[in-house]
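Survey of secondary and tertiary structure
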Amino acid sequence: MIGLGTQSRWLLATVWLAAGCAGLFRSEAPLPGYSPTLPHYSLALTLGPRMEWRFQPLLVDLNGDGHLDLAATARLVKNSLHIWLGDGKGAFSAVEPTWTDIGYAALATGDINHDGFPDIVAASHFGRIQTLLSDGRGGFVEKILQGKDGYVAAQLADINGDGHLDLILLGYRKAAIEVYLGDGSGNWTLQTTFPEPRPGRTMPGRALVVGDLNHDGHVDLVAAFQRWGVYIYYGDGRGGFTGGPVDFPSADREFQSLALADVNKDGHPDIIINGTSSGRDQPNGPDVYLGDGRGGWKASSDGLKVLKFPAAGIAVGDLDGDGNLDIVAGGNITGPVPSGYGLFWFRGDGKGGWRLIQESGLPTRGLPIISSVTLADLDRDGFLEIIALSGSPGGKVTIWKQRKDPGRLLSERALRGPGVDERKSECRFRSRCSGGSL
């Protein structure tokens, strides 16, 4: 078994969806003869008001009812980990905590103990690593390990080909990347840490994504650090990694969010970044680097530099059903920070070009500073909702839903013809019908 076997493929699809990424899925082709009207978004639901939400949430079916559930962590509250069960119609009900409160934590999910149920790892900003083994009905068996650092990002993948999920953590003070080998029962053994610390100030980690960047079947890592920039490490399939810094230009070296997706349909994963700034009064916005599958990267950010200030939060998916991947990013377009932050939809052309959609219905101001953006089909209608976590003391979880033009729905159904399952033909990037391979 190689590092991206069947189990890891399912896992990485779930992790990337929860992390706000499209993974390496290729968008489905648009319906023949169909010219879409761009969808319009509006606020559908607010959860956890007046809390400081951090890191990426998880969207995964925890109780086996076929609906996506939501897990997220908040700072300065007790209990930090919040779980809501989804009803498949866009509504959520809170779960009463039965787990130990370890503080706000980076989250990852996967079937750690091979029982067919998705489990959760929470890596706390204060150093404890909590493994919650699911019983498939919404309950958990808990294990806690003391880590070497505080953490800001977590991923699960089989890095050494033994069939068990391993744990990759990104620290914010000391150890940078930590790699733990899993034994298939929820226990972790520290394998290695990298890179070597530099002299001077510490380098807080910011973001971590995993995927097969060079098509060798092994798990590779992309990590973003404050002041250090972006590092890429290539896995050897036996638990080892080689690599180092990549020269992505940035005035402030403040890379806050990462995503991986094939945005130009050449079969190679590309890197999408948010949070880096060219300075006040300079054009800012996300960055895209197109990969060639051999370690080369080409900037492709035309149309993205329209914001005054960037923020954390980046997600990639096909919002309008045209077969091309789009970007949703957090940021500020007004200039004055007190006006708040917004969500911005950049429509992709499938070649690496981008255009800001001005009348998307998404807020351009008024949100507390954004921690993360995630895309998922929460209500099983085949269209992606946008989930945004806000991280200031007045933060909240907001869910934005497409308000569809009835005429568009009728035209889509007519073009499909009778007997076509709408969910299968329209669904993009849901773990149960992604139709993609890694």
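Located above this text is the structure these notes cover.
Below or above, wherever it landed, is the structure these notes cover. (Residues numbered from 1 in each chain as written. Predicted model: local features only at pLDDT ≥ 70, side-chain atom pairs only at ≥ 80, totals over all residues. Heavy atoms only, no water.)

**Observations concerning the environment of Val209**
Threshold: Segments assigned H or I by DSSP are reported as helices when at least four residues long, segments assigned E as strands when at least two residues long, and all are numbered from the N terminus. To sort residues, take the accessible area from a 1.4 Å probe on protein chains only and compare it with the maximum for the residue type: under 20% means buried, over 50% means exposed, and anything in between is partly exposed.
With respect to the element layout, Val209 can be found in strand E14 (residues 205-211). Given the relative accessible area of 2%, Val209 is considered buried. Along the backbone, Val209 and Leu221 are 12 residues apart, and their C-alpha atoms lie at a distance of 6.0 Å.

**Some points on the layout of surface pockets**
Note the following rule: Cavity means a closed set of points on a 1 Å grid over the protein atoms alone, one where a 1.4 Å probe fits but cannot get out, pocket means an open set with protein on both sides within 12 Å along at least 5 of 7 lines, and lining means a residue has an atom within 4 Å of a point. Grid points are joined across faces, edges and corners, and a volume is the space filled by probe spheres set on the points. We call Asp, Glu, Lys and Arg charged. Ala, Val, Leu, Ile, Met, Phe, Trp, Tyr, Cys and Pro are nonpolar, and the rest, Gly among them, are polar.
Of the voids in this model, the largest pocket is the one considered here, and its volume is about 790 Å³. Lining the largest pocket are 41 residues, with Phe55, Arg206, Gln256, Ala312 and Ser371 sitting closest to its centre. Secondary structure elements with two or more residues in the lining of the largest pocket: helix H1 (6-18), strand E2 (52-60), strand E6 (105-110), strand E10 (151-157), E14, strand E18 (257-261), strand E22 (309-317) and strand E26 (370-376). Here the residues of the lining of the largest pocket are counted per class, giving 26 nonpolar, 11 polar and four charged.

**A closer look at the pairing of strand E13 (residues 188-194)**
Using the following cut-off: Any two strands with at least two DSSP-identified bridges between them are counted as paired.
Note: strand E12 (residues 177-182) against E13, six bridges, orientation antiparallel. Each residue of the ladder has a partner; that of Val179, found in E13, is Thr192. A loop of five residues connects E12 with E13, the two strands running antiparallel in sequence, and Gly184 in this loop sits at a positive phi of about 85°.

**Structural notes on the sheet that holds strand E3 (residues 69-75)**
For clarity, the threshold we go by: Structural elements are reduced to axes, namely lines fitted to C-alpha atoms, with helices fitted over the stretch in contact, and the angle between N-to-C directions of any two is expressed from 0 to 180 degrees.
Spatial strand order, E2-E3-E4-E5: four strands in an open sheet with antiparallel pairing. Bordering the open sheet on either side are E2 and strand E5 (92-94), each of which pairs with just one other strand. Averaged over all neighbouring strand pairs, the angle between strand axes comes to 25°, with direction disregarded. Across four bridges, the pairing between E3 and strand E4 (residues 81-86) is antiparallel. Across the sheet, the residue bridging to Thr73 is Leu81, located in E4.

**Overview of the nonpolar core**
As a reminder of what qualifies: Take the buried residues of types Ala, Val, Leu, Ile, Met, Phe, Trp, Tyr and Cys, join any two whose side-chain atoms come within 4.5 Å, and each joined set is a nonpolar core.
Among the nonpolar cores identified, the biggest contains 23 residues, and Leu170, Ile177, Leu221 and Phe225 are the most heavily contacted of them. Going through the elements one at a time, E10, strand E11 (166-171), E12, E14, strand E15 (220-225) and strand E16 (229-235) are the ones with two or more residues in this core. Among the nonpolar cores identified, the runner-up in size contains 18 residues, and Val328, Leu343, Ile386 and Trp400 belong to it.

**Some details on the pattern of salt bridges**
Our working rule: Criterion for a salt bridge: a side-chain nitrogen of Lys or Arg within 4 Å of a carboxyl oxygen of Asp or Glu.
With the rule as written, the count across this model stands at 13 salt bridges. Linking Lys78 and Asp101 is a salt bridge whose minimum nitrogen-to-oxygen distance equals 3.9 Å. On the criterion of sequence distance, the pair formed by Lys78 in the loop between E3 and E4 and Asp101 in the loop between E5 and E6 is long-range, its members being 23 residues apart. Judged by relative accessible area, which is 76%, Lys78 ranks as exposed.

**Some points on unusual backbone geometry**
Cis peptide bonds are those with omega within 30 degrees of zero, and the linkage from Lys78 to Asn79 qualifies with 0°. Position of Asn79 among the secondary structure elements: in the loop between E3 and E4. Along the chain, Phe194 connects to Pro195 via a cis peptide bond; the corresponding omega equals -5°. Tracing the backbone shows Pro195 in the loop between E13 and E14. With a phi angle near 60°, His114 is a residue other than glycine that sits in the positive phi range. Position of His114 among the secondary structure elements: in the loop between E6 and strand E7 (119-124). Residue His114 is classed as partly exposed on the basis of its relative accessible area of 37%. The phi dihedral of His215 falls on the positive side, at around 60°, and the residue is not glycine. Mapping His215 onto the fold places it in the loop between E14 and E15.

**As for the side chain of Glu385**
As a reminder, the rule being used: Distance and chemistry together define a polar contact, namely a pair of N or O atoms within 3.5 Å, with one atom able to donate a hydrogen and the other to accept it when in protein, and with adjacent residues in sequence counting only for side-chain atoms on both sides. Contacts are residue-level and defined by heavy atoms, with any inter-residue pair within 4.5 Å sufficient.
Relative to the helices and strands, Glu385 is located in strand E27 (residues 385-390). Of the polar contacts made by the side chain of Glu385, one reaches the backbone nitrogen of Leu378; its length is 2.7 Å. Not counting chain neighbours up to four residues away, the residues in contact with Glu385 comprise Thr374, Leu375, Ala376, Asp377, Leu378, Asp379, Ile399, Trp400 and Lys401.

**Side note on the side chain of Asp262**
Take Asp262: it is sitting in the loop between E18 and strand E19 (270-274). Of note is the side chain of Asp262, whose polar atom sits 3.0 Å from the backbone nitrogen of Lys265.

**Considering the sheet that holds strand E25 (residues 354-356)**
Strands sit in the order E22-E23-E24-E25 across an open sheet of four strands; the sheet is antiparallel. Two strands bound the open sheet, and with one partner strand each, they are E22 and E25. Direction aside, neighbouring strands of the sheet carry axes that sit 30° apart on average. Relative to strand E23 (residues 326-332), E22 is paired through six bridges, and the arrangement is antiparallel. Paired with Ala315 across the bridge in E23 is Val328.

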